[in-house]
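A look at the structure
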Amino acid sequence: MKKIALALVAVATLGLAACQSDTEANNSAANESETTEEASSDVGNATDAENAAANALDVVVNTGSDAANTVGNAADDAGNAIGNATR
């Protein structure tokens, strides 16, 4: 929603500037539009970075869980081997 709102502000700014014959106002509106687009891009990049960090954390958690399961399975196997050897 933020990206849509920023885009609408940029379009509205350009539309208002286009109605005027003042070149300085048009340039200012264009600069503001570029700034808005850059801010929108930064928001998108931050979201991508947040997703990458969350994915990396998931990998760490899954790896830890897999390691714990491996240790648990090894302990079970050792217990079973002992049980079988004592029969």
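Residues numbered from 1 in each chain as written. Predicted model: local features only at pLDDT ≥ 70, side-chain atom pairs only at ≥ 80, totals over all residues. Heavy atoms only, no water.

When its secondary structure is counted, the chain shows two helices and zero strands. Counting only residues that meet the buried cut, the chain has 9% of its 87 residues in that class. When the accessible surface of the chain is totalled, it reaches about 6700 Å², and 59% of it is carbon and sulfur. (Helix = DSSP H or I, 4+ residues; strand = E, 2+ residues; numbered from the N terminus. Buried < 20%, exposed > 50% of the residue type's maximum accessible area, 1.4 Å probe, protein only. Areas by Shrake-Rupley, 256 points an atom, 1.4 Å probe, with all protein chains shown as cover.)

To continue, consider a nonpolar patch on the surface. Taken together, the side chains of Leu57, Val60 and Val61 present a nonpolar region at the surface, about 290 Å² in accessible area. For Leu57, the position within the fold is in helix H2 (residues 23–85). Leu57 sits in the exposed class, given a relative accessible area of 53%. (Patch = residues over 30% accessible without salt bridge, like charges linked within 9 Å, V, L, I, M, F, W, Y side chains within 5 Å. Salt bridge = Lys/Arg side-chain N within 4 Å of Asp/Glu carboxyl O.)

Quick look at a negative patch on the surface now. On the surface, Glu34, Glu37, Glu38 and Asp42 cluster together to form a negatively charged patch. If you trace the backbone, Glu34 turns up in helix H2. (Lys, Arg positive; Asp, Glu negative; His and termini not counted. Charge placed at Lys NZ, Arg CZ, Asp CG, Glu CD.)

Interpretation in functional terms is not warranted from these geometric data alone.
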